[in-house]
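Tertiary structure, described
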Amino acid sequence: MRTAAPPPPATGRRGSGDFRLFWCANTTDTLGTQTSGLALPLLLLALGESPAVVGTVAGVAMGLGILVGPFAAVLADRGARKRVMVLCALASAGAMGSVAAAAALDRLTLGHLLAALLAERTATACQEAAAAGTVAAVVPPDRYPHAVSRLQAGEQLALVAGPVLGGVLFQLSRWLPFLADAVSYAVSALCVSAMRSDLRPADGRGGAGDPKRPADGPSTGRPEGSEGAAPGTAPRGRALLVELGAGLSLARRTPLLRLVLLWSVVMSGVLSALGFGTIFTLRGAGAGGVTVGAVLAVAGAAGLAGALAAPRLARALPGARLVVTVTCLLVPLAALLAATGRVWVYGLLFGAIALLLPGATVVLQARAVRVIPPRLQARTGTVLTTATGLSAALAPVAAGALASLGGAVWVPLGCAAVLAALAVRTAAVAPRLLRRGTP
């Protein structure tokens, strides 16, 4: 359950107990997702499915959630957020619980698994949309940065611990990771239902001039310029498309944003493909679930270390030099993944990739914020998020097809080729677009 950026400041005092419950719900949810996320491809491979099928199943499930997300925000804005969050978490728990039960009884089919994943991804997308604005509802404005950093720390912890837990549970029994994911959704639902703050959208509690309306600030997810409109006076779907169109138009006509979009889309897809390529390679070499989970956990820990060091690194080196250097270094690292089957070497190489990425990402994101007008920040951010999410969803499909046609070694080789093309493009335009002082 990812949390969106906090909306405009809310007034009034909020209880810290509700934020602790929300943090627990968010962290537990992410931990369960990471646990079953590792077990899913391992289970499909164990059932005799090809890497192509594994990648297609994962890609379809991820893509559905990404496509539903923006429209689910509109639906969540019209109803009770807490109710949506709780019901969606329970629906996801039921979907993952059915997978665990079928696998335990040795009656799990590919159709059942795909249907459960699609149901879980759809419910999760609605849950994440409903969760937007929760920080503002339970935390005072001066505590927003602290709250967001704590949520991110919890998610990073889950990214490190989840693959290890998933590998251990899968080693014990194939159905246990999915049971753990179902339990995590149930815990998330309990935590949210225990929150006492009113999480409903502001326009669901009265208009702006209503003296009975609590001072919770404007609701999130509404189109800019429509704050004074009565509910139902304009088609929300059309307004959402207009917002996405404005952000896409800005990204298309701004050279720096085109670079940021291209770089982010490629890196998102490469990381996703390499993650599945790691599973295909290590499983082909006879590694167990615990070993595969440990390698992915090492990459997660390296990514966390890189994120902590990124701000200092970005201050120490010129932006263009840092971005170009990181992009070029990733090419041989990805190629070397194809040359080894040793677990510890694979872990070190994959960890090095995860360690280097945040430095360049910080530079590009910071420059993007500078060139995007404040009134278009949310819309342009939605375009970037959707594009990178779709890239991450398509990457497993491509990785599975490459592994099925030519072997798992072709996944890192394909990623290295894509990174090489990106490095050439980045070296050509980054020095001009990322000069210090460039508006």
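Basis of the calculations
- Residues numbered from 1 in each chain as written.
- Predicted model: local features only at pLDDT ≥ 70, side-chain atom pairs only at ≥ 80, totals over all residues.
- Heavy atoms only, no water.
- Helix = DSSP H or I, 4+ residues; strand = E, 2+ residues; numbered from the N terminus.
- Buried < 20%, exposed > 50% of the residue type's maximum accessible area, 1.4 Å probe, protein only.
- Contact = heavy atoms within 4.5 Å.
- Core = buried A, V, L, I, M, F, W, Y, C linked by side-chain atoms within 4.5 Å.
- Expected span 1.5 Å × (residues − 1).
- Patch = residues over 30% accessible without salt bridge, like charges linked within 9 Å, V, L, I, M, F, W, Y side chains within 5 Å.
- Areas by Shrake-Rupley, 256 points an atom, 1.4 Å probe, with all protein chains shown as cover.
- Salt bridge = Lys/Arg side-chain N within 4 Å of Asp/Glu carboxyl O.
- Bend = angle between axes of the 7 residues up to and from the residue.
- Lys, Arg positive; Asp, Glu negative; His and termini not counted.
- Charge placed at Lys NZ, Arg CZ, Asp CG, Glu CD.
- Axes fitted to C-alpha atoms, helices over the stretch in contact; angles between N-to-C directions.
- Parallel < 35°, antiparallel > 145°, perpendicular 65-115°, else oblique.
- Left-handed = near helix turned anticlockwise from the far one by under 90°.
- Nonpolar A, V, L, I, M, F, W, Y, C, P; charged D, E, K, R; others polar.

1. With respect to the overall build of the protein
In terms of regular secondary structure, the protein is built from 14 helices and zero strands. Ordered by position in the sequence, the α and β elements of the protein form the string α-α-α-α-α-α-α-α-α-α-α-α-α-α. By residue count, 49% of the 439 residues in the protein fall in the buried class. Restricting the contact set of the protein to residue pairs at least 6 apart, pairs at least 24 apart contribute 85%.

2. A few points about the nonpolar core
One finds W263, L330 and L419 to be the most contacted residues of the largest nonpolar core, which totals 84 residues. Sorting elements by how many residues they give to this core places helix α9 (residues 255-284) first, with 14 residues. Those residues in contact with W263, other than ones at most four positions away along the chain, are V323, T327, L357, A360, T361, L364, L422 and T426. Of all hydrophobic cores here, the second largest spans 18 residues; its members include A25, V135, A147 and A189.

3. Side note on helix α7 (residues 176-194)
Helix length check: α7 (19 residues) gives 27 Å between terminal C-alpha atoms against 27 Å at 1.5 Å per residue, within 8%. Inspection of α7 places P177, F178, D181, A182, S184, Y185, S188, A189, C191 and V192 among the buried residues, and these make up the whole buried set.

4. Some points on a nonpolar patch on the surface
Nonpolar side chains collect at one region of the surface, where V164, V168, L172 and V290 lie side by side and expose about 310 Å² of accessible area between them. Structurally, the position occupied by L172 is in helix α6 (residues 144-172). For L172, a relative accessible area of 63% puts it in the exposed group.

5. Digging into helix α14 (residues 410-433)
For α14, built from 24 residues, the straight-helix expectation of 34 Å at 1.5 Å per residue is met to within 8% by its first-to-last C-alpha distance of 33 Å. For α14, the principal kink sits at A427 and spans about 35 degrees; a proline, P431, occurs within the next four residues. Along α14, the residues classified as buried are V411, P412, C415, A416, L419, L422, A423, T426, V429, A430 and L433.

6. Observations concerning a positive patch on the surface
Taken together, R258, R425, R432 and R435 make up a surface patch of like positive charges. In this fold, R425 is placed in helix α14.

7. Brief notes about the side chain of T124
As for its position among the elements, T124 is in helix α4 (residues 110-131). If we skip the residues at most four places from it in the chain, T124 touches S92 and Y185.

8. Quick notes on the environment of A393
As for its position among the elements, A393 is in helix α13 (residues 377-406). It is 5.2 Å that separates the C-alpha atoms of A393 and G63, two residues lying 330 residues apart in sequence. Discounting residues that sit within four places of it in the chain, A393 has contacts with G59, M62, G63 and I66.

9. Notes on the pattern of salt bridges
Counted according to the given criterion, the structure contains one salt bridge. The partner of R121 in a salt bridge is E120, with the nearest N and O atoms 3.1 Å apart. For the pair formed by R121 and E120, the shared burial category is buried.

10. Quick word on the packing of α9 against α14
Packing of α9 against α14 leaves a shortest axis separation of 10 Å and a crossing angle of 160 degrees. One element, α9, and the other, α14, form an angle in the roughly antiparallel class. In the packing of α9 onto α14, the handedness of the crossing is left-handed. Side by side, α9 and α14 meet where P255, L256, L259, L262, W263, V266, M267, V270, A273, L274 and G277 of the first sit next to V411, P412, C415, V418, L419, L422, R425, T426, V429, A430 and L433 of the second. A per-class count over the contact of α9 with α14 returns 19 nonpolar, two polar and one charged.

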